Amino acid sequence: MNPPLERLLTIRHRYLPLLKRLETLFGEMSQAYTAVAGQYGFACNGCADNCCLTRFYHHTLLEYLYLVKGLRSLEADARRTIYEKALAVSADMDDADRHGKALRIMCPLNRNDRCTLYAYRPMICRLHGIPHELQRPGGEPIRNPGCNAFFDQSRQRGRTNYIRFDRTPFYRQMAALEQELRRKTGYSDKIKLTIAHMLVSITDKAYEID
């Protein structure tokens, strides 16, 4: 469900400090990711398995509002271009869903293989690629082997040993910030949106609110 963005923008004084804390957390994520990726010698330089073609769903109001903050920093023409691309992408996704088809389609923020709002991208865009683990209370950690590009580069280097990268602390901090944000805004609905669907939910009126 789309958040009531225009109402939220009128009370953004309540949550702007939380977006600043999210910015700090994102910086910590990037620093940790870069350190481990560097130990592997892994470099994300674009590939056939481009994660910008993958349909990721995002579930936090935090990431939605942070993306809006990034959009509000752009000129009107740039925003319009992004909106039109998002409209086409979301329509193609919805059509594929109606026909039960899988679809890989480029994120509307991608321009010339670069993210237009790189500094404001969601968490999964920052952490995708290298192997990682998530801790389960009272259970064994869940491990993910990483993306195909990582596997190919590791095989070429002959390096297959796992270097520990635990996402759990970052997820917990995100969850705590999200809970605080929802308390401050009174927003309680669940969110499950792609970046394209986030973008098409943002009307021109949202940019007129000071």
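Just so it is clear, the structure is predicted and the values come from calculations on it, not from any experiment. (Residues numbered from 1 in each chain as written. Predicted model: local features only at pLDDT ≥ 70, side-chain atom pairs only at ≥ 80, totals over all residues. Heavy atoms only, no water.)

Caption draft 1: A look at unusual backbone geometry. With a phi angle near 55 degrees, Asn112 is a residue other than glycine that sits in the positive phi range. The backbone of Asp113 sits at a positive phi, close to 65 degrees, despite the residue not being glycine. Here Asp113 is to be found in the loop between β1 (110-111) and β2 (114-115). Classification of Asp113 by relative accessible area gives exposed; the value is 55%. (Helix = DSSP H or I, 4+ residues; strand = E, 2+ residues; numbered from the N terminus. Buried < 20%, exposed > 50% of the residue type's maximum accessible area, 1.4 Å probe, protein only.)

Caption draft 2: Fine view of the environment of Glu6. Inspection of the secondary structure puts Glu6 in helix α1 (residues 5-10). Glu6 gets classed as partly exposed once you look at its relative accessible area, which sits at 30%. It is 16 Å that separates the C-alpha atoms of Glu6 and Ile191, two residues lying 185 residues apart in sequence.

Caption draft 3: Here's a closer look at the pattern of salt bridges. Applying the stated criterion to the full structure yields eight salt bridges. Here Asp166 ties to Arg164 by a salt bridge, and the two come within 3.4 Å at their closest N and O atoms. The partner of Arg182 in a salt bridge is Glu178, with the nearest N and O atoms 2.7 Å apart. Here the residue Arg182 and the residue Glu178 both occupy positions in helix α7 (residues 168-185), the gap between them amounting to four residues, near one helical turn. A relative accessible area of 17% means that Arg182 is categorised as buried. Judged by relative accessible area, which is 9%, Glu178 ranks as buried. Residues participating in the shared-partner salt-bridge network are Glu133, Arg143, Arg164 and Asp166. (Salt bridge = Lys/Arg side-chain N within 4 Å of Asp/Glu carboxyl O.)

Caption draft 4: Representation of the layout of surface pockets in the model. Volume-wise, the largest pocket comes out at about 990 Å³. Taken together, 42 residues make up the lining of the largest pocket; nearest its centre are Cys44, Cys51, Cys52, Tyr118 and Cys125. The element contributing the most residues to the lining of the largest pocket is helix α2 (residues 16-40), with five residues. Of the residues in the lining of the largest pocket, the class split is 24 nonpolar, 12 polar and six charged. (1 Å grid on protein atoms, 1.4 Å probe; cavity = no way out; pocket = protein on both sides within 12 Å on 5 of 7 lines; lining within 4 Å. Points joined across faces, edges and corners; volume = space filled by probe spheres on them. Nonpolar A, V, L, I, M, F, W, Y, C, P; charged D, E, K, R; others polar.)

Caption draft 5: Examining the packing of α2 against α7 more closely. Interhelical geometry of α2 versus α7 gives an angle of 170 degrees and a closest axis separation of 11 Å. By the angle between their directions, the pair α2 and α7 is classed as roughly antiparallel. Taken together, the residues of α7 that come into contact with α2 (itself represented by Leu18, Arg21, Leu22, Leu25, Phe26, Glu28, Met29 and Ala32) are Phe170, Gln173, Met174, Leu177, Glu180, Leu181 and Lys184. Split by residue class, the contact of α2 with α7 holds 10 nonpolar, one polar and four charged. (Axes fitted to C-alpha atoms, helices over the stretch in contact; angles between N-to-C directions. Parallel < 35°, antiparallel > 145°, perpendicular 65-115°, else oblique. Contact = heavy atoms within 4.5 Å.)

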